[in-house]
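Observations on chain architecture
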Amino acid sequence: MKPIFSLVFLVALFACKAQKKEQDVPLTPDQKKHVLTPIVTGIEVPWGMDWLDDKTMIVTERSGGIFLVKDGVKTEVSHPIKVYARNQGGMLDVKVHPKYAENGWIYFTFSSTKGDDQGANTELIRAKINNNQLVEIQSLYKATPNTSRSHHFGSRIVFDAKGDLYFTVGDRGNHDENPQFISRDGGKVYRLKEDGSIPTDNPFVHVENSKPAVYSYGHRNPQGMTVHPVTGEIWVHEHGPRGGDEINVIKKGANYGWPVITYGINYNGTIITNETKKDGMEQPLYYWVPSIAPSGMTFVTSNNYPEWKNHLLVGSLVFQYVEFLKIENNQVVYREKIAENIGRVRDVRQGPDGFIYVAVEGKGIFKIEPTKN
C-alpha cells in the first residue's frame, strides 16, 4: 500500500506545483501603508454588510443576528427567522435594494430548515425594518433538498444595472449530484427579479425539469460576488478544494466545470480529476494555488484609492489579509497584500463614503484609510 500512496501523493504534489507555476503572479507586501480604523466590535462572525443610507450600516452575524451600526454604536434588529447556525451555516449575506429609500426592501440569505427533509439549505428572503424589527418578510427562493451537511451554502447577493437580483448557493457538499445538473439546486448562480419572479430570458426557463432561476452552473462554493463598474458583468469568486479557488466572470447559461474540471485536489492529496480544461466549460479568469479561502469581494470605484480604482479587493480567510488584484484585459497582472494579519476576513465592501470596509471574524468591522503623506 505504501508505494501506491506515495505515487498518488507525488502526482498530487506535481499537479499543485504545475498549477502554481502556470498561474504565478507574485504576491507582494503592502506597498503603501494603510490605517485600519475599528468601526464596531462585538459581532463575532460579521458575514455580510451593506448600507441603508450614508451613515447606517446593516451587518449580519452568522449565528443569526442582524445589527444596525451608526456612529460606532450597534443596535440589534429582532426577527423571527429560524437560522440553521451550524458550522458554515447561519445568517449569511445582506443586500439593500438599490432604491431602498423608495421601497424599504432589504434582502438576506441564510441557512434555512424550511421543508420536509432534515437539515438545511440556502434561502433568499426580503424584508423591511420597522422600529428595529424585521417586518413584511417574504421568501423569494428556497434551495432544495435540505441536507445535514453543514458546509457550502454560498452565498452572496448583488443587483445588476437593470435591477435583476443574483445570488449564489454552494454545492452543499454534494459535488457528484448538484453542480452539473440544472434540474438540481446547489453549485449555481441564480437570477431573479426583485420580487422573486423568474426573468423570462433566463437561460433554462424553457428546459424541461430545470430550475428556471439558474443563471450559471458548475460552481463549488461562491462566497464573493460583485458587479464590474465599467462592463456591468457579474464577477464571482468561489472556494476550490485544496487549491483551485477561482475568479469567474459569469455568462448566461455557462458551465464553470466543477467537479469535472478543477485546478485543485482533494484535501487528502488525492486527485479529483485529471482535467483542467474541457470543451463547453468556462476557464476561470484567475485561480489561486495554494488556496487563500476567498470571502467577500468588491471593485474599488472611489477616488480615495486612486491606485486601486476599477480593480479588485478580495478577503482571505486562511491567510488573514485583504488581497488587491490589478486587472488588465481580464487578466490579473499584479497582486498585493493589504491589511496583513488582520484576522479571518469574511467580507470586503466599499461604503457610500468611498472607503473600504472589512468584516473580520472575532473582531468586527474595520475601515481602510490611506496614510496621509
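Cut-offs applied
Residues numbered from 1 in each chain as written. Predicted model: local features only at pLDDT ≥ 70, side-chain atom pairs only at ≥ 80, totals over all residues. Heavy atoms only, no water. Pairing = 2+ DSSP bridges. Helix = DSSP H or I, 4+ residues; strand = E, 2+ residues; numbered from the N terminus. Axes fitted to C-alpha atoms, helices over the stretch in contact; angles between N-to-C directions. Phe/Tyr/Trp six-rings, centres within 6.5 Å; stacked < 30°, edge-to-face > 60°. Buried < 20%, exposed > 50% of the residue type's maximum accessible area, 1.4 Å probe, protein only. Lys NZ or Arg CZ within 6 Å of the ring centre and 35° of its normal. Contact = heavy atoms within 4.5 Å. pLDDT = per-residue confidence, 0-100. Core = buried A, V, L, I, M, F, W, Y, C linked by side-chain atoms within 4.5 Å. Salt bridge = Lys/Arg side-chain N within 4 Å of Asp/Glu carboxyl O. Polar contact = N/O pair within 3.5 Å; in protein donor to acceptor, adjacent residues only side chain to side chain.

Digging into the sheet that holds strand β7 (residues 91-96)
Taken in spatial order, the 4 strands make up an open sheet running β7-β8-β9-β10, and their pairing is antiparallel. Here the strands that pair on one side only, and so sit at the sheet edges, are β7 and β10 (133-142). Taking each pair of neighbouring strands and ignoring which way they run, the sheet shows an average axis angle of 25°. Examined bridge by bridge, β7 and strand β8 (residues 106-112) share 4 bridges and lie antiparallel to one another. Bridged to Lys95 within β8 is Tyr107.

So, the packing of aromatic side chains
Applying the stated criterion across every chain, the model contains 15 aromatic pairs. Here the aromatic rings of Tyr107 and Phe159 are separated by 5.2 Å at their centres, their planes lie at 75°, and the arrangement is edge-to-face. Here Tyr107, found in strand β8, pairs with Phe159, found in strand β11 (residues 157-159); they are 52 residues apart in sequence, far enough to count as distant. For Phe159, a relative accessible area of 9% gives the class buried. Each residue in the set Tyr305, Trp308, Phe324, Tyr334 and Phe355 is aromatic and connected to the rest through ring pairs, giving one cluster. Cation over ring: Arg172 sits above Phe153, and NZ or CZ is 3.8 Å from the ring centre. Looking at Lys367, its charged tip hangs above the ring of Phe355, at a distance of 4.8 Å from the centre.

A look at the environment of Ala339
Mapped onto the fold, Ala339 is located in the loop between β22 (331-338) and β23 (345-350). Separated by 314 residues in the primary sequence, Ala339 and Val25 have C-alpha atoms spaced 19 Å apart. Setting aside anything within four residues of it in sequence, one finds Ala339 in contact with Asp30, Leu36, Gln320, Tyr321 and Val322.

A word on the confidence of the model for the protein chain
Interpretation of the predicted coordinates at a detailed level should be avoided for regions scoring low in pLDDT. Put simply, the protein chain has an average pLDDT of 93, and 94% of its residues get 70 or more. When the criterion is pLDDT under 50, residues 1-22 qualifies, and its contacts beyond four places in sequence or with other chains add up to 15 contacts.

Examining the environment of Leu68
For Leu68, the position within the fold is in strand β5 (residues 66-70). The buried category is assigned to Leu68, whose relative accessible area is 12%. Once the C-alpha coordinates of Leu68 and Leu52 are considered, the two residues, 16 residues apart in sequence, prove to be 8.9 Å apart. The residues contacting Leu68, other than those within four sequence positions of it, are Leu52, Thr56, Met57, Ile58, Val73, Lys74, Thr75, Val77, Ile129 and Asn132.

So, the sheet that holds strand β12 (residues 165-169)
With antiparallel pairing, 4 strands are arranged side by side in an open sheet as β11-β12-β13-β14. Each end of this open sheet is capped by a strand with a single partner; those strands are β11 and β14 (214-217). Recorded for the sheet is a direction-independent mean angle of 20° between the axes of neighbouring strands. In terms of strand pairing, β12 meets strand β13 (residues 188-192) through 5 bridges, oriented antiparallel.

Here we look at the nonpolar core
One finds Met57, Trp308, Leu313, Val322, Ile356, Val358 and Ile365 to be the most contacted residues of the largest nonpolar core, which totals 28 residues. Among the secondary structure elements, those contributing two or more residues to this core are β3 (46-51), β4 (57-61), β5, β21 (321-328), β23, β24 (356-360) and β25 (364-370). Per element, the largest residue contribution to this core is 5 residues, and it comes from β24. Residues within four places of Val322 in sequence aside, it is in contact with Leu313, Val314, Glu336, Lys337, Ile338, Ala339, Val345, Val348 and Val358. Among the nonpolar cores identified, the runner-up in size contains 18 residues, and Ala143, Phe159, Leu192 and Val214 belong to it.

Regarding the pattern of salt bridges
Considering all chains together, one arrives at 19 salt bridges under this definition. Here Glu177 ties to Arg184 by a salt bridge, and the two come within 3.4 Å at their closest N and O atoms. A salt bridge links Arg335 to Glu323; the shortest N-O distance between them is 2.7 Å. Of the two residues, Arg335 sits in strand β22 while Glu323 sits in strand β21, which places them 12 residues apart along the sequence. Exposure class is identical for Arg335 and Glu323. Each is buried. Connected through shared salt-bridge partners, Asp93, Arg156, Asp347 and Arg349 make up one network.

Focus: the environment of Gly257
Looking at the secondary structure, you find Gly257 in the loop between β17 (245-249) and β18 (286-288). For Gly257, a relative accessible area of 0% gives the class buried. Beyond its immediate stretch of four places on either side in the chain, Gly257 contacts Gln180, Gly218 and Met281.

A word on the side chain of Thr109
If you trace the backbone, Thr109 turns up in strand β8. Thr109 sits in the buried class, given a relative accessible area of 0%. Side-chain polar atoms of Thr109 contact the backbone nitrogen of Asp93, separated by 3.1 Å. Polar contacts involving the side chain of Thr109 include one to the side chain of Ser155, which spans 3.4 Å. What Thr109 contacts, discounting residues up to four positions off in sequence, is Met91, Leu92, Asp93, Thr122, Glu123, Leu124, Ser155 and Ile157.

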